Amino acid sequence: METISPLEHFDVLIVGAGLSGIGAGYHLQQKCPGKSYLILEGRDTIGGTWDLFRYPGIRSDSDMFTLGYSFKPWVEAKAIADGPRILNYVQETATDNGIDKKIRFGHRVKRASWSSQEARWTVEAERRTGEGATEIVRFSCNFLFMCSGYYKYEEGYTPEFLGSQDFAGRIVHPQKWTDDIDYAGKRVVVIGSGATAVTLVPEMAKTAAHVTMLQRSPTYVVARPAEDPLANKLRARLSPGIAYRLIRWRNVLFGMYFFQLSRRKPERVKQLILGGVRIALGPNYDIGTHFTPRYNPWDQRLCLVPDGDLFKAIREKRASVVTNEIDRFTKDGIRLKDGSELEADIIVTATGLNLQVMGGMEVSVDGRTVDFAKTLNYKGMMYSDVPNLASAFGYTNASWTLKCDLTCEYVCRLINYMDRRGYRQCVAHNVDPTVTELPSLDFSSGYVQRAIAKMPKQGSKRPWRLYQNYALDIITLRYGKVDDGVMRYS
C-alpha cells in the first residue's frame, strides 16, 4: 500500500548522485551559496554509472584530465582510469565538500509537475520502506536539475537471439554483472564491438581459456598509453592544479582537432587509425574484415584501448575476433550464418544500452504532459516551453564532464540572474519560423538510432543547435548573455 508523505521544499532539486549530480551540488554550493538544495538518488550509493557497472575491467574511454571535474585535479598516475578509481574520485568529491549530506538515497523520481501559478515543481519519488513496500515522497522546488544520465539503469539492450533458452551455459549482460560469475579456464564469447566489448575481452582473456569477440561489424579502435608521461612529468614540477589545467587543455584541443580532422578528411584519419592497428597486429592479420568499419571515423564513438591491451590479447592468441552474423544459440554456443559454430561456456551480450529521456520520469507543465520528442533542445541543456528545468548531458565526441561542468555553471548564472531581477520563472521559447528540426544526436550508433524518435530535437541554428564544441560552448555558456531574447523571464 502506497502512503504519501507531506511536502518538503528546496530551492533546487538535483536528480541523480553520479558524476554529474555531485558536480551540480559543488557548483551550486560555490556559486549560489544562499540556495537550499537536495539530491535524490534512486539507488543506495553515490557514483551512478561508476557504481552500477561491475563487469571485469570497467574503465573510462575518456582520459581523466577531461573526465575529471574542472575544480578537482586528477592526481593519480593513470590517465585512463578504472571504474573503482573513478568511483573513489566521485565519492571523495562528495565527502570533501559535504555534498554527501545532501543526498537522499533510495528515492526513485517518478513524476514532476510544474505550476506556473506557484512557479514551482512538485516532484514525486518512490521510496522503499522495506519488505518490498514503497511510499510516495513529495518535494517541491523552484528549479529542477536532471543529472540522471541518459540510459536505463534497470536493464541494458539485448536483442532477441533465437534459441537462447537452448544454451547450456550462462548468458549475462555486462550491466547485470555479479560477483559470482566465474570465467577462469572457460570459453567465453563476447557479443559486441563497442567500448564495453573491447574492455571485457582483454580483461577476461587474462584467466579465461579463450575469449572470442563476436561482432556483426567492426568499430574503429585506437590504442593509447594508460599513463600520460607528460602529465606525470608536469605534476612532478608544478602544483597539481596548474599541471591539471595545462594537460586538460592540451587534451581538449587535441580532441577537438582530431574530431574536426575526422569530419574534414575522413579518409586520412581512417588510414591513420588502421595504420595503428596494422602496427599492433602485424601485416598478416585480416584488418580489412575485423577492424575496418563501414562508416567514417566519429560517425560513431571511437573505442579506446589503453596500452593496446586488446591487440596484445589477440597477438598472444588468448583472444580472437570473429566478424559474422548470428544464426541462433545452440546448447554448446552460437551457430553463425555461415554454418560455423562458436563453442562457449559463457556468453556475454555487450549489445548496448537503452537510452531514455529524463530518467524515465513523467513530466507535466500546468497539467499538460510533456512529450520531449516534440521539444527543441536549448543550449544542450533545457527544453522549449518547459520552465525552470535543465538536464546535464555530456558531449558525444569528448568527455561527458566537460559539458556537464559548463551546464552547471550556466544553471547557476541563470538562477542568480533571476534572483537579481526578481524573476520566478524562465522558459525557452522559439518564435523563429526559420528554425528547422534536426535529430538531437548526429550519430549512427545502434543505441542512438533505436531511441532517436523519443529524444528532443535540436534546431538548425543557435541557441537550439548542438555544436559539440567545448571552446564554442565556453564562449556561449560562460560568457554569453543569459537574456538572449529566446529565454523568457517572468
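The model shown is predicted, which means the values in this text are computed figures rather than measured ones.

Novice: What's the story with the overall build of the protein in this structure? I'm lost.
Specialist: A count of helical and extended segments in the protein gives 13 helices and 25 strands. The C-alpha radius of gyration of the protein comes to 23 Å, within 12% of the 23 Å expected for a compact globule of 490 residues. For the C-alpha atoms alone, the extent of the protein along its principal axes is close to 70 × 55 × 50 Å. Expressed as a percentage of the 490 residues in the protein, the buried residues total 53%. Of the contacts formed within the protein by residues at least 6 apart in sequence, a portion of 70% connects residues at least 24 apart. Across the protein, the centroid of the 65 positively charged side chains sits 6 Å from that of the 54 negatively charged ones.

Novice: How should I be thinking about the side chain of Arg235 in this particular structure?
Specialist: For Arg235, the position within the fold is in helix α6 (residues 229-237). Buried charge without a salt bridge: Arg235, with Glu227 as the nearest opposite-charge side chain at an N-O distance of 7.1 Å. A polar contact of 2.5 Å, which involves the side chain of Arg235, links it to the side chain of Asn232.

Novice: Any chance you could explain the sheet that holds strand β15 (residues 341-343) here in plain terms?
Specialist: Strand-to-strand pairing in sheets goes through backbone hydrogen bonds, with the strands running parallel or antiparallel. Pairing within the open sheet is antiparallel, and its three strands lie in the order β13-β14-β15. The open sheet terminates on both sides in strands that have one partner only, identified here as β13 (326-329) and β15. On average, each strand axis in the sheet is tilted by 20 degrees relative to the strand beside it, whichever way the strands run. Relative to β15, strand β14 (residues 333-336) runs antiparallel, the two being bridged by three bridges. Bridge pairing in β15 places Arg335 opposite Glu341.

Novice: Would you mind going over the packing of aromatic side chains with me for this structure?
Specialist: The geometry of an aromatic ring pair is captured by two quantities: the separation of the ring centres and the angle between the planes. On inspection of all chains with the given rule, the structure shows 28 aromatic pairs. A ring pair is formed by Phe65 and Tyr244, whose centres lie 6.2 Å apart and whose planes are at 45 degrees; its orientation type is tilted. Taken together, the residues Phe65 in helix α3 (residues 64-67) and Tyr244 in helix α7 (residues 240-264) connect sequence positions 179 residues apart. In this structure, Phe65 and Tyr244 share a single accessibility class: buried. Taking the centre distance of 5.9 Å and the plane angle of 65 degrees together, the rings of Tyr150 and Phe393 count as edge-to-face. Here Phe393 lies in the loop between β21 (389-391) and α11 (400-421) and Tyr150 lies in the loop between β6 (133-146) and β7 (170-172), a separation of 243 residues in the sequence. An aromatic cluster is built from Phe53, Tyr55, Tyr150, Tyr151, Phe393 and Trp400, whose rings are joined through pairwise contacts. Taking the ring centre of Tyr467 as reference, the NZ or CZ of Arg465 above it sits at 5.5 Å.

Novice: Got a minute to help me understand the nonpolar core in this structure?
Specialist: The tendency in soluble globular proteins is for nonpolar side chains to be buried side by side. In this structure, Ile22, Phe145, Val190 and Phe291 are the most contacted members of the largest nonpolar core, which totals 108 residues. The leading source of residues in this core is α11, at twelve residues. Those residues in contact with Phe145, other than ones at most four positions away along the chain, are Val12, Leu13, Ile14, Val15, Ala24, Ala390, Ser391, Ala392, Thr407, Cys408 and Val411. Grouped together as the second largest cluster of nonpolar side chains are 26 residues, Phe139, Met146, Tyr383 and Val386 included.

Novice: Whenever I open this one, unusual backbone geometry confuses me. Can you help?
Specialist: Residues apart from glycine generally show negative phi values, whereas peptide bonds are mostly found in trans. Cis geometry marks the peptide bond from Arg462 to Pro463, where omega comes out at 0 degrees. When you line up the elements, Pro463 lands in the loop between β24 (457-459) and α13 (470-479). In this structure, Asp385 takes a positive phi of about 65 degrees despite not being glycine. By the secondary structure assignment, Asp385 is in the loop between β20 (382-383) and β21.

Novice: Would you explain the pattern of salt bridges in this entry?
Specialist: Pairs may arise between side chains of opposite charge once their charged atoms sit close together. Under the defined criterion, the tally for this structure stands at 32 salt bridges. A salt bridge links Arg108 to Glu154; the shortest N-O distance between them is 3.1 Å. Of this pair, Arg108 sits in strand β4 (residues 107-115) while Glu154 sits in the loop between β6 and β7, and the two are 46 residues apart along the sequence. Classification of Arg108 by relative accessible area gives partly exposed; the value is 32%. Residue Glu154 is classed as partly exposed on the basis of its relative accessible area, which comes to 36%. Through salt bridges with shared partners, a single ionic network connects Arg43, Asp51 and Arg54.

Novice: How should the confidence of the model for the protein be read in this particular structure?
Specialist: Interpreting fine coordinate detail is not advised for predicted regions of low pLDDT. Overall, the predicted model of the protein reaches an average pLDDT of 92, with 97% of residues at or above 70. Confidence scores differ between elements of the protein, with helix α12 (residues 446-451) showing the lowest mean pLDDT of 68 and strand β2 (residues 37-40) the highest of 98.

Novice: It is not clear to me how the sheet that holds strand β9 (residues 210-215) should be interpreted in this structure. Could you clarify?
Specialist: Pairing in this open sheet of five strands is parallel, and the strands run β7-β16-β8-β9-β12 from one edge to the other. For this open sheet the edge positions go to β7 and β12 (319-323), each flanked by a neighbour on one side alone. Going from strand to strand, the sheet's axes swing by 20 degrees on average, the running direction of each strand aside. Across five bridges, strand β8 (residues 187-191) lies against β9 in parallel orientation. Bridging from a neighbouring strand, Val189 pairs with Thr212 of β9.

Rules behind the numbers
Residues numbered from 1 in each chain as written. Predicted model: local features only at pLDDT ≥ 70, side-chain atom pairs only at ≥ 80, totals over all residues. Heavy atoms only, no water. Helix = DSSP H or I, 4+ residues; strand = E, 2+ residues; numbered from the N terminus. Rg over C-alpha atoms; globule rule 2.2 N^0.38 Å. Buried < 20%, exposed > 50% of the residue type's maximum accessible area, 1.4 Å probe, protein only. Contact = heavy atoms within 4.5 Å. Lys, Arg positive; Asp, Glu negative; His and termini not counted. Charge placed at Lys NZ, Arg CZ, Asp CG, Glu CD. Salt bridge = Lys/Arg side-chain N within 4 Å of Asp/Glu carboxyl O. Polar contact = N/O pair within 3.5 Å; in protein donor to acceptor, adjacent residues only side chain to side chain. Pairing = 2+ DSSP bridges. Axes fitted to C-alpha atoms, helices over the stretch in contact; angles between N-to-C directions. Phe/Tyr/Trp six-rings, centres within 6.5 Å; stacked < 30°, edge-to-face > 60°. Lys NZ or Arg CZ within 6 Å of the ring centre and 35° of its normal. Core = buried A, V, L, I, M, F, W, Y, C linked by side-chain atoms within 4.5 Å. pLDDT = per-residue confidence, 0-100.

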